[in-house]
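One letter stands for each residue in the lines below.
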Amino acid sequence: MTITRSMVGAPAGVVDVVPSRSAGHHDDVPLASTYYRAIDGLRGVAVLSVVVYHTGLYEAGLFGVDVFMVLSGFLITLTLLRERSRRGRVGLGAFYRRRAKRLIVPLLVVLGASALAVAQLGRATDADVFARQGLASLLYLANWEQILRGDAYWDATGGVPGPLAHMWSLSITEQFYLVWPPLLVLILLLVPAWRRVPVVVGTLAGALAVVTGFATALLYDGTNADALYLGTHTHGSALAVGAVVAALVADGARRAAGVRTRRQRIPSWCGGLLSAVLLTALVVVSALTPSYREPWLYASGGLTVVALLVGLLVLSLTREDTVVARALGAAPLVGIGKFSYSLYLVHVPVLWALSKSLPDPRPIVLLIVGLPLSIVLAAFLHHIIGEPARLRRWSRAGVTVFTALAVVVVGGVAVVPRLVDSTQGEGARRVLVVGDSLGHDVADALVLYAPGQFTVTDAAFDGCGIFGQDTSRSAESDVDQDPGAGCNPWEPRWAAAVDEHDPDVVVVTLGWDATRMQLDGRWMDACSAEYAAHYDRQLEAAHEVLTSGRDGRQVLFTSSRRHTNVVTPAWAECHTAQLRAFAEDHADVHVLELDEQVCRDDACIQETPEGDAVYLDTVHFTRAGLAWIAPWVAAEIDAVTAEQGDGDA
């Protein structure tokens, strides 16, 4: 036999100990466990791009997750093919034990820590969403939970959507792990000749990639980008492309396994140029794609095309003698790539917690604080917790500890909604806040920055006013945004909150109602006569619900701001004018003139007197912004209750 180089850092196709064979008689030679350093570096680049994207610093840069999925399909398939080449079979039980030890322990730790963060920093709505997403994440069904709820892939309106908003992609990957290895084992049973296995595997995976691409195009109707983006059947193309690349690498290694020395057919500079072109193409396409809702990603097979670009890049990086491979093999990138799973797990909970606790969580602040903090926590999770759990043989005591951790975390995730009360404060006057997501800000402002004055109940519902629309569109988007599950009908939900909390004052935020609305198949905006007629009826219904059961209850409708990214100034003015007209006809209805307080004729005020940012986006307030508006909101509530007191006297 011939002793060759160690597998670590060895070129592709070289094994540790191989029998001396002539070319053409190498079907039984085991494949090398070659370590591709540049691919770990690519994982590092991909996870860093995802972290930066999630800070909100830029809107382009969508394809880091696609890189991860291609790499997952590549690495898992190549691992299984190598096992087949060495042992003649694939042990599914051992495979799933390895995956469970590597993935589940870090996941449980992150879910447990996130549960504590939500209990401390979250609203009641945050806790409800967290419990659903947490349990779905444990079952690796988070993407389908989001689809069934009608949630967007990444709705950054108001900051980071939630600590588990990124779990959908991990669920897709794990669903692939459940289906693909057994299918691969079936192929091995049907195709016993090793020389044919990579070809059959690559052909099947390629067919799956093509089928998912065509299926995505057929399913796309112009309004379902969120559901498709989150779907296993859509992003499965990236995992399948990764499997194709693995089959190509395995077949190349098989063919070269019996050759003592071989000359590279493609010069190093040419391979480096190819890698550079592919990497540049990915960056350019990413930069030119402003949103995951772009039609070409679905109707034209764009997601599959992106996966093919990534797959070709991965294939090119299996040659480590190129400039690009050496650059991606830099120690910092490789180090981050090695704990990329942990970094992916922790970064969104970290960014969410920072967005909830920092007074000025602008994207650049989240990046400067959140990225280093995420890297430190991920390194700790990987090296101190994850790797020991993966590498050690689990004794009975280890299994007991794991089981106890799982029980505690599952219980913690499930109980979080009980720990976060929608009613906070100890003031004598009871305030109920209903309406869209801005209502959360009003409630937070009163609880955090007007302590002791009010008892506040937050019953706001994201993206949900009183219009009762089929769907809606903001001023800057032609994408339909359907009401969230549970939004309509809004009347029973509001009536239950009024009956339960018996408020003295109800603050109503209805800014989302000023967007373009579709009702019974017809589009209308706040300046149209049809809109006004319908909205008058809705306002009367809201007044009846909010004032029922008690005389003297005061209602404050919040005016629409003219300068946001969801409405035009004209729509906001028409909407506010209708609220003011309604208030003039009802003695117990008032308008909270938010636009006059925080905006000017040409723009809304962007900084507090102390110089901190007012907004997370153009709609929702930072902590500093909440502190700025809180005294004014409290004074307005005092004023309307004082008027009522004078009237009673």
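Details of the structure are given in the entry above.
In this text the structure is predicted, and so the values were computed from the model without any measurement.

### Focus: the overall build of the protein chain
- Helix and strand content of the protein chain: 23 helices and 11 strands.
- Relative to the globule expectation of 26 Å for 649 residues, the C-alpha radius of gyration of the protein chain, 28 Å, shows essentially globular dimensions.
- Each of the three principal axes of the protein chain carries a C-alpha extent, and together these read 105 × 55 × 45 Å.
- Accessible surface, the protein chain: about 27500 Å² in total, of which carbon and sulfur atoms supply 61%.
- If the 50 positive side-chain charges of the protein chain are averaged to one point and the 64 negative ones to another, these points end up 25 Å apart.

### As for the packing of helix α1 (residues 37-54) against helix α14 (residues 331-338)
- At a minimum axis separation of 7 Å, α1 and α14 run at an interaxial angle of 75°. With respect to α14, the axis of α1 lies roughly perpendicular. On α14, the residues that touch R37, D40, G41, R43, G44, V45, V47 and L48 of α1 are A331, L333, V334, I336, G337 and K338.
- Classifying every residue of the contact of α1 with α14 gives 7 nonpolar, 3 polar and 4 charged.

### A short note on the pairing of strand β7 (residues 505-509)
- Burial analysis of β7 places 5 of its 5 residues in the buried class, which makes it a mostly covered element.
- Burial of the side chains of β7 extends over both faces: V505, V507 and T509 are buried on one face and V506 and V508 on the other.
- Bridging between β7 and strand β10 (residues 554-558) involves 5 bridges; their strand directions are parallel. Note that in β10 the partner of V505 across the bridge is Q554.

### Examining the state of the cysteines
- Counted by the stated rule, this structure contains 3 disulfides.
- The disulfide partner of C464 is C487, and the S-S distance across this bridge is 2.0 Å. Handedness of the C464-C487 disulfide follows from its S-S torsion of about 85°: it is right-handed. Pair noted here: C464 is in the loop between β5 (454-458) and β6 (471-473) and C487 is in the loop between β6 and α19 (490-501), with a separation of 23 residues, a long-range link.
- The side chain of C599 participates in a disulfide bridge whose partner is C604; the two sulfur atoms lie 1.9 Å from each other. Across the disulfide from C599 to C604, rotation about the S-S bond amounts to roughly 70°, and the bridge is consequently right-handed.
- A relative accessible area of 5% means that C604 is categorised as buried.
- For the protein chain, numbering the cysteines in disulfides from first to last along the sequence yields the connectivity 1-2, 3-4, 5-6.

### Overview of the pairing of β5
- Most of β5 sits out of view: 5 of its 5 residues are buried.
- Burial along β5 is two-sided: F454, V456 and D458 facing one way and T455 and T457 facing the other are all buried.
- Summarising the sheet, strand β3 (residues 423-424) and β5 pair through 2 bridges and their orientation is antiparallel. Its bridge partner lying in β5, Q424 is registered against V456.
- In the sheet, strand β4 (residues 429-435) pairs with β5 via 5 bridges, with the strands oriented parallel. Paired with R429 across the two strands is F454, which belongs to β5.
- One crossover worth recording links β4 to the parallel β5 by way of helix α18 (residues 438-449), and it is right-handed.

### Thoughts on the pattern of salt bridges
- According to the stated counting rule, one finds 24 salt bridges in the structure shown.
- For E83, the salt bridge is made with R98, and the minimal N-O distance between the two is 3.7 Å. In this pair, E83 is assigned in helix α2 (residues 64-87) and R98 in helix α3 (residues 92-121), connecting sequence segments 15 residues apart.
- Judged by its relative accessible area of 11%, E83 falls in the buried class.
- Note that D226 is salt-bridged to R293, the shortest N-O span being 2.9 Å.

### What to know about the sheet that holds β4
- Across the sheet, which stays open at both edges, the 6 strands sit in the order β3-β5-β4-β7-β10-β11 with mixed pairing between neighbours. Of all the strands in the sheet, just β3 and β11 (589-592) have a single pairing partner and so form its edges.
- Across 4 bridges, β10 lies against β11 in parallel orientation. Its bridge partner being in β11, V555 is matched across the sheet by V589.
- Packing of α18 onto the sheet brings it into contact with β3, β4, β5 and β7, and relative to β5 it is tilted by some 155°.

Thresholds, definitions, all that
Residues numbered from 1 in each chain as written. Predicted model: local features only at pLDDT ≥ 70, side-chain atom pairs only at ≥ 80, totals over all residues. Heavy atoms only, no water. Helix = DSSP H or I, 4+ residues; strand = E, 2+ residues; numbered from the N terminus. Rg over C-alpha atoms; globule rule 2.2 N^0.38 Å. Areas by Shrake-Rupley, 256 points an atom, 1.4 Å probe, with all protein chains shown as cover. Lys, Arg positive; Asp, Glu negative; His and termini not counted. Charge placed at Lys NZ, Arg CZ, Asp CG, Glu CD. Axes fitted to C-alpha atoms, helices over the stretch in contact; angles between N-to-C directions. Parallel < 35°, antiparallel > 145°, perpendicular 65-115°, else oblique. Contact = heavy atoms within 4.5 Å. Nonpolar A, V, L, I, M, F, W, Y, C, P; charged D, E, K, R; others polar. Buried < 20%, exposed > 50% of the residue type's maximum accessible area, 1.4 Å probe, protein only. Pairing = 2+ DSSP bridges. Disulfide = S-S within 2.5 Å. Right-handed = clockwise from strand over helix to strand, strands pointing away. Salt bridge = Lys/Arg side-chain N within 4 Å of Asp/Glu carboxyl O.

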